[in-house]
Amino acid sequence: RKEVEQDPGPFNVPEGATVAFNCTYSNSASQSFFWYRQDCRKEPKLLMSVYSSGNEDGRFTAQLNRASQYISLLIRDSKLSDSATYLCVVPIKGGSYIPTFGRGTSLIVHP
Amino acid sequence: GAGVSQSPSNKVTEKGKDVELRCDPISGHTALYWYRQSLGQGLEFLIYFQGNSAPDKSGLPSDRFSAERTGGSVSTLTIQRTQQEDSAVYLCASSAQTGGTEAFFGQGTRLTVV
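Here's what I pulled together on the structure shown here. Bear in mind the structure is a predicted one, so any value in this text is a computation, not a measurement.

**As for the overall build of chain A**
For chain A, the count of helices and strands is zero helices and eleven strands. Ordering the α and β elements of chain A from the N terminus gives β-β-β-β-β-β-β-β-β-β-β. Relative to a compact globule of 111 residues, whose C-alpha radius of gyration would be 13 Å, chain A shows 14 Å and is just as compact. Across its three principal directions, the C-alpha atoms of chain A cover 45 × 30 × 20 Å. Per-residue burial over chain A gives 47% buried out of 111 residues. Of all intrachain contacts in chain A linking residues separated by at least 6 positions in sequence, the fraction that spans at least 24 positions is 56%. Per element, the accessible surface of chain A, about 5,400 Å² overall, is 48% carbon and sulfur. Computing the positive centroid from 12 side-chain charges and the negative centroid from 10, chain A places the two 5 Å apart.

Set out below in C-alpha coordinates:
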(Lines give C-alpha, C1' and ligand atoms only; values in the text may rest on other atoms or scores of the structure.)
Protein backbone atom coordinates (compact mmCIF):
# COMPACT_ATOMS: atom_id res chain seq x y z
CA ARG A 1 0.00 0.00 0.00
CA LYS A 2 1.32 3.42 -0.95
CA GLU A 3 1.92 5.77 1.96
CA VAL A 4 -0.56 8.37 0.69
CA GLU A 5 -3.15 7.48 -1.94
CA GLN A 6 -5.59 9.63 -3.85
CA ASP A 7 -7.94 9.05 -6.75
CA PRO A 8 -6.31 11.06 -9.56
CA GLY A 9 -9.68 11.85 -11.20
CA PRO A 10 -10.38 14.05 -13.02
CA PHE A 11 -13.56 15.02 -11.28
CA ASN A 12 -15.58 17.00 -13.81
CA VAL A 13 -18.43 18.93 -12.15
CA PRO A 14 -20.73 21.85 -13.02
CA GLU A 15 -20.58 25.16 -11.20
CA GLY A 16 -22.50 25.03 -7.96
CA ALA A 17 -21.98 21.32 -7.42
CA THR A 18 -20.69 19.73 -4.22
CA VAL A 19 -17.68 17.47 -4.65
CA ALA A 20 -15.69 15.38 -2.18
CA PHE A 21 -12.24 13.83 -2.32
CA ASN A 22 -10.75 11.18 -0.07
CA CYS A 23 -7.14 10.44 0.73
CA THR A 24 -5.95 7.29 2.49
CA TYR A 25 -2.68 6.99 4.38
CA SER A 26 -0.70 4.06 5.68
CA ASN A 27 1.16 5.45 8.71
CA SER A 28 -1.19 5.46 11.68
CA ALA A 29 1.29 7.46 13.76
CA SER A 30 0.71 10.57 11.64
CA GLN A 31 -0.67 13.47 13.67
CA SER A 32 -0.91 16.39 11.24
CA PHE A 33 -2.61 16.42 7.88
CA PHE A 34 -3.02 19.03 5.19
CA TRP A 35 -4.73 19.73 1.90
CA TYR A 36 -2.74 21.72 -0.66
CA ARG A 37 -3.91 23.15 -3.94
CA GLN A 38 -1.74 23.18 -7.07
CA ASP A 39 -2.66 25.13 -10.17
CA CYS A 40 -1.25 24.14 -13.54
CA ARG A 41 2.51 24.79 -13.72
CA LYS A 42 2.49 26.46 -10.30
CA GLU A 43 3.82 25.49 -6.91
CA PRO A 44 1.57 23.83 -4.29
CA LYS A 45 -0.05 26.15 -1.76
CA LEU A 46 -1.71 25.30 1.54
CA LEU A 47 -5.48 25.12 1.30
CA MET A 48 -6.23 24.01 4.84
CA SER A 49 -5.02 21.97 7.76
CA VAL A 50 -7.00 18.94 8.92
CA TYR A 51 -7.67 18.75 12.63
CA SER A 52 -8.99 15.79 14.61
CA SER A 53 -12.24 17.67 15.13
CA GLY A 54 -12.52 18.62 11.47
CA ASN A 55 -11.98 22.00 9.92
CA GLU A 56 -14.28 24.28 7.95
CA ASP A 57 -13.26 27.34 5.97
CA GLY A 58 -16.06 28.88 3.94
CA ARG A 59 -17.06 26.43 1.22
CA PHE A 60 -14.33 23.96 2.19
CA THR A 61 -14.58 21.29 4.89
CA ALA A 62 -11.82 18.87 5.82
CA GLN A 63 -12.32 15.84 8.04
CA LEU A 64 -10.15 13.12 9.53
CA ASN A 65 -11.13 9.50 10.13
CA ARG A 66 -8.33 7.92 12.16
CA ALA A 67 -9.97 4.52 12.46
CA SER A 68 -10.11 4.10 8.70
CA GLN A 69 -6.97 6.18 8.07
CA TYR A 70 -8.37 8.66 5.60
CA ILE A 71 -8.93 12.37 5.31
CA SER A 72 -11.52 14.05 3.17
CA LEU A 73 -12.09 17.39 1.50
CA LEU A 74 -15.57 18.64 0.68
CA ILE A 75 -16.11 21.59 -1.61
CA ARG A 76 -19.59 23.12 -1.69
CA ASP A 77 -20.97 25.46 -4.35
CA SER A 78 -18.04 24.84 -6.71
CA LYS A 79 -16.64 27.81 -8.62
CA LEU A 80 -14.78 27.84 -11.92
CA SER A 81 -11.76 29.08 -9.97
CA ASP A 82 -11.75 25.88 -7.88
CA SER A 83 -10.39 24.01 -10.91
CA ALA A 84 -6.98 22.72 -9.80
CA THR A 85 -5.23 19.66 -8.44
CA TYR A 86 -5.80 18.98 -4.75
CA LEU A 87 -2.91 17.34 -2.91
CA CYS A 88 -3.24 15.42 0.32
CA VAL A 89 -0.21 15.74 2.63
CA VAL A 90 0.65 13.42 5.51
CA PRO A 91 3.88 13.70 7.55
CA ILE A 92 5.37 10.22 7.38
CA LYS A 93 8.14 9.30 9.76
CA GLY A 94 11.21 7.65 8.36
CA GLY A 95 14.28 9.08 9.99
CA SER A 96 12.24 12.24 10.55
CA TYR A 97 8.75 13.47 9.75
CA ILE A 98 8.61 14.27 6.06
CA PRO A 99 5.56 15.91 4.42
CA THR A 100 4.54 13.15 2.03
CA PHE A 101 2.29 14.11 -0.84
CA GLY A 102 -0.37 12.12 -2.56
CA ARG A 103 -0.40 12.19 -6.34
CA GLY A 104 -3.27 14.66 -6.29
CA THR A 105 -6.88 14.73 -7.43
CA SER A 106 -7.72 16.83 -10.47
CA LEU A 107 -10.90 18.91 -10.30
CA ILE A 108 -12.44 20.57 -13.32
CA VAL A 109 -15.40 22.86 -12.73
CA HIS A 110 -17.29 23.77 -15.90
CA PRO A 111 -19.97 26.39 -16.58
CA GLY B 1 12.60 37.92 1.08
CA ALA B 2 8.91 37.40 1.64
CA GLY B 3 8.78 33.89 0.22
CA VAL B 4 10.90 30.95 -0.86
CA SER B 5 13.05 31.91 -3.81
CA GLN B 6 14.48 29.43 -6.31
CA SER B 7 16.89 29.97 -9.17
CA PRO B 8 17.11 29.53 -12.03
CA SER B 9 13.43 29.28 -12.92
CA ASN B 10 14.29 27.30 -16.04
CA LYS B 11 17.40 25.34 -16.95
CA VAL B 12 18.15 23.47 -20.15
CA THR B 13 21.29 21.36 -20.04
CA GLU B 14 22.96 18.73 -22.15
CA LYS B 15 23.01 15.14 -21.03
CA GLY B 16 26.13 14.45 -18.97
CA LYS B 17 26.55 18.00 -17.67
CA ASP B 18 26.34 18.96 -13.99
CA VAL B 19 23.72 21.41 -12.76
CA GLU B 20 23.22 23.39 -9.56
CA LEU B 21 19.83 24.53 -8.34
CA ARG B 22 19.51 27.13 -5.62
CA CYS B 23 16.91 27.64 -2.90
CA ASP B 24 16.67 30.63 -0.57
CA PRO B 25 14.14 29.76 2.17
CA ILE B 26 11.97 32.09 4.21
CA SER B 27 14.11 33.83 6.81
CA GLY B 28 14.00 32.04 10.15
CA HIS B 29 12.64 28.77 8.78
CA THR B 30 14.70 25.90 10.15
CA ALA B 31 13.29 23.12 7.97
CA LEU B 32 14.06 22.93 4.25
CA TYR B 33 12.87 20.28 1.80
CA TRP B 34 13.65 19.42 -1.81
CA TYR B 35 11.09 17.62 -3.95
CA ARG B 36 10.85 16.90 -7.64
CA GLN B 37 7.75 16.63 -9.76
CA SER B 38 7.74 14.96 -13.13
CA LEU B 39 5.06 15.85 -15.67
CA GLY B 40 1.66 14.68 -14.46
CA GLN B 41 3.12 13.09 -11.36
CA GLY B 42 3.07 13.78 -7.64
CA LEU B 43 5.82 15.30 -5.54
CA GLU B 44 8.74 12.99 -4.86
CA PHE B 45 10.71 13.73 -1.69
CA LEU B 46 14.46 14.11 -2.20
CA ILE B 47 16.17 15.52 0.89
CA TYR B 48 15.37 17.32 4.14
CA PHE B 49 17.42 19.70 6.29
CA GLN B 50 16.49 20.62 9.86
CA GLY B 51 18.63 23.18 11.63
CA ASN B 52 22.14 21.88 12.24
CA SER B 53 21.12 18.22 12.21
CA ALA B 54 22.42 15.77 9.64
CA PRO B 55 20.17 15.92 6.55
CA ASP B 56 17.69 13.15 5.74
CA LYS B 57 18.89 11.99 2.33
CA SER B 58 16.61 8.98 2.10
CA GLY B 59 14.81 10.27 -1.01
CA LEU B 60 17.82 10.94 -3.23
CA PRO B 61 17.41 8.65 -6.28
CA SER B 62 21.11 8.06 -6.95
CA ASP B 63 24.59 9.16 -5.89
CA ARG B 64 24.54 11.69 -8.74
CA PHE B 65 22.30 13.80 -6.52
CA SER B 66 23.60 15.78 -3.56
CA ALA B 67 22.58 18.84 -1.60
CA GLU B 68 23.99 21.14 0.99
CA ARG B 69 22.69 23.91 3.14
CA THR B 70 25.14 26.58 4.15
CA GLY B 71 24.76 28.49 7.40
CA GLY B 72 21.31 27.03 7.95
CA SER B 73 19.90 29.16 5.15
CA VAL B 74 20.52 28.85 1.40
CA SER B 75 20.52 25.35 -0.07
CA THR B 76 22.00 24.04 -3.30
CA LEU B 77 20.90 20.84 -5.02
CA THR B 78 23.53 19.45 -7.37
CA ILE B 79 22.90 16.86 -10.06
CA GLN B 80 26.02 15.40 -11.64
CA ARG B 81 26.17 13.81 -15.08
CA THR B 82 22.55 14.65 -15.80
CA GLN B 83 20.34 12.12 -17.57
CA GLN B 84 17.14 12.69 -19.54
CA GLU B 85 15.11 11.07 -16.76
CA ASP B 86 16.26 13.88 -14.45
CA SER B 87 14.03 16.27 -16.40
CA ALA B 88 11.41 17.54 -13.94
CA VAL B 89 10.41 20.51 -11.84
CA TYR B 90 12.53 20.71 -8.70
CA LEU B 91 10.64 22.31 -5.82
CA CYS B 92 12.08 23.65 -2.61
CA ALA B 93 9.98 24.25 0.50
CA SER B 94 10.67 25.59 3.96
CA SER B 95 8.76 25.54 7.21
CA ALA B 96 9.17 27.00 10.66
CA GLN B 97 9.34 23.54 12.22
CA THR B 98 9.40 19.97 11.10
CA GLY B 99 6.46 17.79 10.19
CA GLY B 100 3.35 19.39 11.59
CA THR B 101 3.50 22.90 10.23
CA GLU B 102 2.77 24.44 6.85
CA ALA B 103 5.47 24.12 4.21
CA PHE B 104 5.87 27.07 1.86
CA PHE B 105 7.06 26.33 -1.66
CA GLY B 106 9.20 28.21 -4.10
CA GLN B 107 8.10 28.44 -7.71
CA GLY B 108 10.45 25.67 -8.71
CA THR B 109 13.21 25.13 -11.24
CA ARG B 110 12.11 23.46 -14.46
CA LEU B 111 15.05 21.29 -15.56
CA THR B 112 15.19 19.94 -19.08
CA VAL B 113 17.98 17.56 -20.04
CA VAL B 114 18.48 17.27 -23.79
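**A few points about unusual backbone geometry**
With glycine set apart, most residues show a phi of negative sign, and most peptide bonds adopt trans. Residues and elements named next belong to chain A. Of note, the amide linkage connecting Gly 9 to Pro 10 takes the cis form, showing an omega dihedral of 10°. You can see Pro 10 is positioned in the loop between strand E1 (4-6) and strand E2 (11-14). Positive phi outside glycine occurs at Arg 41, with the angle close to 60°. Within the secondary structure, Arg 41 sits in the loop between strand E4 (33-38) and strand E5 (45-50). Owing to a relative accessible area of 61%, Arg 41 belongs among the exposed residues under this scheme.

**Quick word on the sheet that holds strand E6 (residues 55-57) of chain A**
Across a sheet, strands are paired by hydrogen bonds formed along the backbone, either parallel or antiparallel in direction. Residues and elements named next belong to chain A. A sheet is described by the order of its strands in space; here five strands give the open sequence E1-E3-E8-E7-E6, paired in antiparallel fashion. Looking at which strands have only one partner, the edges of the open sheet turn out to be E1 and E6. Pairs of neighbouring strands in the sheet enclose a mean axial angle of 15°, with direction left out of account. Inspection of the sheet shows E6 paired to strand E7 (residues 60-65) by three bridges, in the antiparallel sense. Note that in E7 the partner of Asp 57 across the bridge is Phe 60.

**Topic: the pattern of salt bridges**
The tally for this structure, following the rule as stated, stands at seven salt bridges over all chains. Between A:Glu56 and A:Arg76 there is a salt bridge; the shortest N-O distance is 3.4 Å. Of the two residues, A:Glu56 sits in strand E6 while A:Arg76 sits in the loop between strand E8 (70-75) and strand E9 (84-93), which places them 20 residues apart along the sequence. On the basis of relative accessibility, which here comes to 56%, the residue A:Glu56 falls in the exposed class. When its relative accessible area of 26% is taken as the criterion, A:Arg76 is described as partly exposed. Residue B:Asp24 is joined to B:Arg22 by a salt bridge in which the shortest nitrogen-to-oxygen separation is 4.0 Å. With a relative accessible area of 28%, B:Asp24 lands in the partly exposed category.

How each quantity is defined
- Residues numbered from 1 in each chain as written.
- Chains lettered and ligands numbered in written order.
- Predicted model: local features only at pLDDT ≥ 70, side-chain atom pairs only at ≥ 80, totals over all residues.
- Heavy atoms only, no water.
- Helix = DSSP H or I, 4+ residues; strand = E, 2+ residues; numbered from the N terminus.
- Rg over C-alpha atoms; globule rule 2.2 N^0.38 Å.
- Buried < 20%, exposed > 50% of the residue type's maximum accessible area, 1.4 Å probe, protein only.
- Contact = heavy atoms within 4.5 Å.
- Areas by Shrake-Rupley, 256 points an atom, 1.4 Å probe, with all protein chains shown as cover.
- Lys, Arg positive; Asp, Glu negative; His and termini not counted.
- Charge placed at Lys NZ, Arg CZ, Asp CG, Glu CD.
- Pairing = 2+ DSSP bridges.
- Axes fitted to C-alpha atoms, helices over the stretch in contact; angles between N-to-C directions.
- Salt bridge = Lys/Arg side-chain N within 4 Å of Asp/Glu carboxyl O.

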